[in-house]
Amino acid sequence: MSTDELAGVHPAWLPPRAFRAIAARRVAVHGTGPLADTVREEAVRAGATLAEDAELVFKLTGDRAPLGDEGFAISRAGGVTLVLADAPAGLLHGFFHVVRLGEAAFTGERPVERHVPAMRRRMLDHWDNLDVHPVMGQVERGYSGGSIFWEAGAQRDLARVRAYARLLAATGINAVAINNVNVHRAEAHLLTDRVGEVAAVAAAFRPYGIRVHLSVSFASPVVLGGLPTADPLDPAVRAWWAETTWRVYEAIPDFGGYVVKADSEGQPGPFGYGRSHADGANLLAEALEPFGGVVHWRAFVYNHRQDWRDRSTDRARAAYDHFAPLDGQFRDNAILQVKYGPIDFQTREPISPVIAAMPATNVAVELQVTQEYTGQQRHACYLGPMWSEVLRFPLAGHVTVAGLAEELVAVSNVGDDPYWTGHPLAQANLYAFGRLAWEPSLDPLSILDEWVDLTLGPDVDREALHGILDDSWRTYESYTAPLGVGFMVRPGHHYGPDVDGYEYTPWGTYHFADRDGVGVDRTRATGTGFTGQYPKPWSDVYESVERCPDELLLFFHHVPYGHVLHNGATVIQHIYDTHFAGAERVEEMRRLWDRLDGQVDPALFERVRERLDEQVRSAAEWRDQINTYFHRKSGVPDAKGRRIY
Ligand code: GCV
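Per chain, the residues get numbers from 1 upward, laid out in the order the sequence is written. At least 70 in pLDDT is required for a residue's local features to be given in this predicted model, at least 80 for side-chain atom pairs to be given and counted, and no such filter applies to totals for whole chains, interfaces and linings, which use all residues. Excluded from the side-chain calculations are hydrogens and water; all other atoms, namely the structure's heavy atoms, are used.

### Points about the UniProt feature "domain: Glycosyl hydrolase family 67 catalytic" (unreviewed entry) in the chain
In plain terms, the rule: UniProt positions are given in the numbering used here, feature names are shortened, and annotations may be inferred rather than shown by experiment. The secondary structure listing takes helices from DSSP runs of H or I that are at least 4 residues long and strands from runs of E that are at least 2 residues long, numbered from the N terminus.
According to UniProt, the "domain: Glycosyl hydrolase family 67 catalytic" (unreviewed entry) feature falls on residues 115-396. The span residues 115-396 is 27% helical and 17% strand by assignment, and the distance between its end C-alpha atoms comes to 26 Å.

This is the structure:
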């Protein structure tokens, strides 16, 4: 692909500059097959010469054991940098590792260092539709323009997808689901008569070691096959899925598999036939099994038609209540895909107890790179620190979330925007997701450094960028969601404050603020009992109002405004203080960005500046609405006498 094909598209973390250390070197690639070819092409594209007496050597070990399908080992001795892998995908990951190292890959001696991915699948889910949806736009919760795959119901030119594949491979991502989990009528046909379009996308991803997956409707046998039922135990339904899947593999031999959102927010599922979610998932797993495919079955199942008057139903409990009893009943190639928190990608949630409740099930943890609830790519909010906290959290004894999960999946934040992600700084989130999925113990701030180096160059004001991004997630939390309370967002689009927006709706997301206090009692003693879904010590820690960490207090407890936090402040004063401080901090972020004027591309500079202006405006709105709301409810004045309306 010539770069001209992508005129006007930002190169993100793979600009020509990032390959400087490889340019003009002699490179040898010992290996055959498409991925080895990609490494050769990349080397040549970087400006290297292919030669036998090379100073950068890529070589297959001929072994299958220590490095696996994707790992590599890198070393340097006698002026030769050597990348070894057991399989060609490892050579490709090794190549991008050399890119990240830059000159350091060619300096001095290097003892052998092994790099093997922690997660076997590192996947992005696109919530893309073929056409513009009347309410959601084309990409559901997308903040970066239209889909890179489709336009006006038809497949787009795939040059952009090839460039995307390359960017993703450079972060370590190896799987992409290309359509929305809410499968509408047109998208359902990607499984059958429009599978050729999926095959074309798969061909664009294949040279970069990325497999394509498809979201499918559980009702496909009815909608597409004309059967009277989609009952998972019906022999005709099983035969339909087997035959349909066989045809998919005829078109795409390395097809990854299906993603299913069932019995959730209006999507059809096995409950409609009185069957369990294990029956549903196993139906598709059985059809995929002969071809080595997998089904990602989402655990995001809850009642979205709750009566707000009903205090006995707790949305946080739903996934565990549905799935924990099914542990051990899923086939090996069924992967239960669990959102990291029990509600829905809020700025702050506890870890979902489902992740620890399924020891006999393959679990994928799902994150949201698209910033639905974290500023919609209008606010700078670097999520690396949040994900790192999630992955390092010791949920089951000393076993962390990263240790419990087989896979990491995230909802993509990419669209046809020239910067890929709307907010140019939101590229760092996509980059960090891939890197953390490969190695969850990486320091998110070092990952940010990598992104800055590759994307903006080594000479930009790094201190200013760290000043803007390092704490931006905590800053976002401080001016939006106090103490683990969620969903104080505008209903529908979820941007901006609306404290009572969801309070009397059927969605099950309430804060229960009254004149005396705020928060959701999820204790076993007096509340919904959700705390009982956690293993020890967390079931006790969260149950106890004294031991519960401040940042989750209102998620687990309803407390009076005068309740004193571990940090010494009352709940109400904490709300005021953090909202004033958060909005001020955003003003400082905007000032810091001005230091990059002249150091980065002027159009990129302007784009970020515009977004920071909006973030300043929006943070002030959040501050004033939240503070005013709680001031009016509680009648408690701000101890510092600041302006509240
Ligand atoms: C794709 C949230 C979002 C929905 C999304 C859903 C999901 O509820 O607001 O847009 O639907 O999560 O994860 O399935």
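Having seen it, we continue.
### Some words on the packing of aromatic side chains
To be explicit about the condition: Here is the rule: rings of Phe, Tyr and Trp (six-membered ring for Trp) pair when centre to centre is within 6.5 Å. Planes less than 30 degrees apart are stacked, more than 60 are edge-to-face, and the remainder are tilted. Relative accessible area decides the class of each residue, using a 1.4 Å probe on protein chains only: under 20% of the type maximum gives buried, over 50% gives exposed, and in between gives partly exposed.
All told, the structure shown has 35 aromatic pairs when counted by the stated rule. Ring geometry for W13 versus Y431: centroids 5.2 Å apart, planes at 65 degrees, classification edge-to-face. With W13 in the segment before β1 (26-30) and Y431 in helix α12 (residues 427-438), this pair connects stretches of sequence that are 418 residues apart. Residues W13 and Y431 agree in their burial class; the two are buried. Ring geometry for Y534 versus F556: centroids 6.2 Å apart, planes at 70 degrees, classification edge-to-face. Residue Y534 is located in the loop between β19 (517-518) and α16 (538-543), and its partner F556 is located in helix α17 (residues 553-556); the two are separated by 22 residues in the primary sequence. Judged by relative accessible area, Y534 falls into the buried class, the value being 5%.

### Points about the pattern of salt bridges
Test applied: The rule for a salt bridge is simple: a side-chain nitrogen of Lys or Arg has to be within 4 Å of a carboxyl oxygen of Asp or Glu.
For the structure shown, the criterion picks out 48 salt bridges. The partner of E197 in a salt bridge is R194, and the shortest N-O contact between them spans 2.7 Å. Connected via shared salt-bridge partners are R25, R26, D53, E55 and E103.

### Here we look at the domain arrangement of the chain
The following threshold applies: Start and end points for every domain follow an automatic or database-based domain assignment. Contacts are assigned to residue pairs that have any heavy atoms within 4.5 Å of one another. N or O atoms closer than or at 3.5 Å make up a polar contact, with two conditions inside protein: a donor-capable atom paired with an acceptor-capable one, and, for residues adjacent in sequence, both atoms drawn from side chains. Throughout this entry, Asp, Glu, Lys and Arg are counted as charged residues, while Ala, Val, Leu, Ile, Met, Phe, Trp, Tyr, Cys and Pro are counted as nonpolar. The remaining residues, Gly among them, count as polar.
Assigned domains of the chain: these are domain 1 (3-115), domain 2 (121-455) and domain 3 (477-520 + 558-634). A C-alpha centroid distance of 28 Å is found between domain 2 and domain 3. Contacts between the two partners involve 31 residues from domain 2, matched on the other side by 32 residues from domain 3. Remark: the boundary between domain 2 and domain 3 carries 2 salt bridges. R607 is the partner of D417 in a salt bridge, and the nearest nitrogen-oxygen pair spans 3.0 Å. In this structure, the connection of domain 2 to domain 3 is made through 17 residue pairs in polar contact (both at pLDDT 80 or more). When grouped by side-chain class, the residues that make up the side of domain 2 that touches domain 3 number 9 nonpolar, 11 polar and 11 charged.

### A short note on the packing of helix α14 (residues 462-469) against helix α18 (residues 571-594)
As a reminder, the rule being used: Helix axes use the C-alpha atoms of the stretch in contact, all axes being lines fitted to C-alpha atoms, and the angles between their N-to-C directions lie in the range 0 to 180 degrees. For classification purposes, an angle smaller than 35 degrees is called roughly parallel, one larger than 145 roughly antiparallel, one from 65 to 115 roughly perpendicular, and anything else oblique. In this scheme the handedness of a crossing depends on how the near helix is turned from the far one: anticlockwise by less than a right angle means left-handed, clockwise means right-handed.
Put simply, α14 and α18 touch, their axes get as near as 9 Å, and they point 155 degrees apart. In terms of their interaxial angle, α14 and α18 are classed as roughly antiparallel. Our pair here, α14 against α18, has a crossing hand that is left-handed. Every residue of α18 that contacts α14 at A464, L465, G467 and I468 is listed here: R585, M589, L592 and W593. When its residues are assigned to classes, the contact of α14 with α18 shows 6 nonpolar, 1 polar and 1 charged.

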